[in-house]
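Spelled out, the chains give:
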Amino acid sequence: MSKEWHPDKHKGDKAAEDKFKEINESYETLNDPKKKQMFDQFGSTEGYNGAQGFPGFDASSFSSSGLGDFADLFENFFGGGGGRGRPADESGADQQVEITVDLQDVLNGADKILPLRGFQKCETCGGEGTAKGATLARCDECGGTGQVTRTTQSFFGSMQQRTVCRNCGGSGKVPTEKCKTCAGEGRTSGRRDVTIRVPAGIEDGQSLRLRGEGEAGRRGGAAGDLFVRIRVTPDPRFVREGADIRSAITIPVTDAILGSEQSVETVQGPVTMKITEGTQPGDTLRIKGKGLPVLGTGRHGDHYVQVTIEIPKKLSRAERQWVEEWKNIAS
Ligand SMILES: [Zn+2]
Ligand SMILES: [Zn+2]
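Nothing here was measured: the structure is a model prediction, and the numbers come from that model.

1. A few points about the coordination of the zinc ion (ligand 2)
Here comes step 1: Around the zinc ion (ligand 2), the donor atoms from the protein are C139 (SG), C142 (SG), C165 (SG) and C168 (SG), and they sit 2.2 to 2.4 Å away.
Here comes step 2: Around the zinc ion (ligand 2) sit 4 donor atoms; with metal-centred angles ranging over 103 to 117 degrees, the donor geometry is tetrahedral.
Here comes step 3: In the primary sequence, the donor residues of the zinc ion (ligand 2) line up as C-x2-C-x22-C-x2-C. Pair noted here: C142 is in the loop between β3 (136-138) and β4 (147-154) and C165 is in the loop between β5 (157-164) and β6 (173-175), with a separation of 23 residues, a long-range link. Accessibility classification places C142 together with C165 in one group, the buried group.

In structure tokens form, the structure reads like this:
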């Protein structure tokens, strides 16, 4: 059911999205309360700190449905979304965006401004939908109870269902005069900028959840969450393995024999590396602490350099003479 109602298959369809959330909420509660608690904890870190309170967080380890990391993260995140204290249909929708960062952003962390479209809190009335000076009166639709009874046809026959009153949003009260800017909705549609902090050490494909940074709720209802999927642009000079970095250098055979110093590019800038006497082809040398940060910690990974040794294809007469002499000595 989760696959069938996945947001990817129903882009922009609010009903499908709600259905998807509902399915996943049930799934979560039934299945793994511990996992739910974990994601609740992760998600509840306010705004900026998104992933920082969760060292070693790895989306791929939760893969189970075959939908890929992103989908799995969503399933789990949606499971933890309950208990906002307002009827669900008054809450703002969750939003999803994807941003691309480079290795320098991963190294230092970065603030990114995301331009988003959608509902935002009405600035005139502060989200309550009430005109200035207006008061709240009893809702006629539900008689102030905040709930209405609906009859629905289902597979099991006719059913009486009590649902939240749309007119008052469950509060049982409506403003005597509605805010003109938002027509009493408490939110307006438009563009807004959200600044997010990309934590140092983030991996390609991981998502951040920013609670309350999604679309504004109706008439003061809770805002949705914002999910930011991070893509990390690879750097052709480096191979990333978590917090560790790998690269390769080629050195002259004489440097390998005699030892030398080489300048090596790392994500943290150029570093002088000692090539020890007798370095062998394929040797991997470690430059400690010159990798990327480990997410949520102050530690850094290492930089590994694999050495290729260049053997000259042509020798000058003098060089040839030296090598022949060396051969005589060695044998
Ligand atoms: Zn307003
Ligand atoms: Zn009502």
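Alright, that's what it looks like, and here's the rest.
2. With respect to the pairing of strand β14 (residues 284-287)
Here comes step 1: Of the two faces of β14, the one lined by L285 and I287 is fully buried and the one lined by T284 and R286 carries no buried residue.
Here comes step 2: Taken together, the 4 bridges between β14 and strand β15 (residues 303-310) define a ladder with antiparallel strand orientation. Opposite R286, over in β15, you have Y304 as the bridge partner.

3. A short note on the coordination of the zinc ion (ligand 1)
Here comes step 1: Surrounding the zinc ion (ligand 1) are the protein donor atoms C122 (SG), C125 (SG), C179 (SG) and C182 (SG), at 2.3 Å.
Here comes step 2: Every donor counted, the 4 donor atoms about the zinc ion (ligand 1) form angles of 103 to 116 degrees at the centre, which fits tetrahedral coordination.
Here comes step 3: We note that the donor set of the zinc ion (ligand 1) lies within a single chain, spaced as C-x2-C-x53-C-x2-C.
Here comes step 4: Residue classification places C179 among the buried residues on the basis of a relative accessible area of 3%.

4. Focus on the nonpolar core
Here comes step 1: In this structure, I99, I196, V228 and I230 are the most contacted members of the largest nonpolar core, which totals 21 residues.
Here comes step 2: For this core, the secondary-structure elements that each account for two or more residues are β1 (95-101), α4 (103-108), β2 (110-121), β7 (187-198), β8 (207-210) and β9 (226-232).
Here comes step 3: At 4 residues, β9 tops the list of elements feeding residues into this core.
Here comes step 4: Viewed by domain, this core spans two of them, domain 1 (14-116 + 200-232) and domain 2 (239-330), each represented by three or more residues.
Here comes step 5: When neighbours within four sequence positions are excluded, I196 is seen to be in contact with I99, A110, D111, K112, L114, L208, L210 and V228.
Here comes step 6: Grouped together as the second largest cluster of nonpolar side chains are 12 residues, V264, V271, M273 and I275 included.

5. Focus on the pattern of salt bridges
Here comes step 1: Scanning the entire structure with this criterion turns up 16 salt bridges.
Here comes step 2: Overlapping salt bridges bring together E90, R166, E185 and R218 as one network.

6. Concerning the sheet that holds β15
Here comes step 1: Pairing is mixed across the open sheet formed by 4 strands, whose spatial order is β10-β11-β15-β14. Both outer strands of the open sheet, β10 (239-241) and β14, are each paired with one neighbouring strand and no more. The sheet shows a mean angle of 30 degrees between the axes of neighbouring strands, direction not considered.
Here comes step 2: Here 8 bridges tie strand β11 (residues 244-252) to β15, and the two strands are oriented parallel to one another. Note on β15: the bridge partner recorded for P252 is E310.

7. Observations regarding the sheet that holds β8
Here comes step 1: Across the sheet, which stays open at both edges, the 3 strands sit in the order β1-β9-β8 with mixed pairing between neighbours. Two strands close off the open sheet at either side, each with one partner strand: β1 and β8. Each strand axis lies, on average, 25 degrees off the axis of its neighbour in the sheet, ignoring direction.
Here comes step 2: Note: β1 against β9, 7 bridges, orientation parallel. Across the sheet, residue Q95 finds its bridge partner in β9, namely L226.

The rules behind each value
Residues numbered from 1 in each chain as written. Chains lettered and ligands numbered in written order. Predicted model: local features only at pLDDT ≥ 70, side-chain atom pairs only at ≥ 80, totals over all residues. Heavy atoms only, no water. Donors = N, O, S within 2.8 Å, 3.2 Å for Na, K, Ca; no water. Tetrahedral: all angles 85-135°; square planar, octahedral: opposite > 155°, others 65-115°. Helix = DSSP H or I, 4+ residues; strand = E, 2+ residues; numbered from the N terminus. Buried < 20%, exposed > 50% of the residue type's maximum accessible area, 1.4 Å probe, protein only. Pairing = 2+ DSSP bridges. Core = buried A, V, L, I, M, F, W, Y, C linked by side-chain atoms within 4.5 Å. Domains from an automatic or database assignment. Contact = heavy atoms within 4.5 Å. Salt bridge = Lys/Arg side-chain N within 4 Å of Asp/Glu carboxyl O. Axes fitted to C-alpha atoms, helices over the stretch in contact; angles between N-to-C directions.

None of the figures reported here should be taken as evidence of function without further support.
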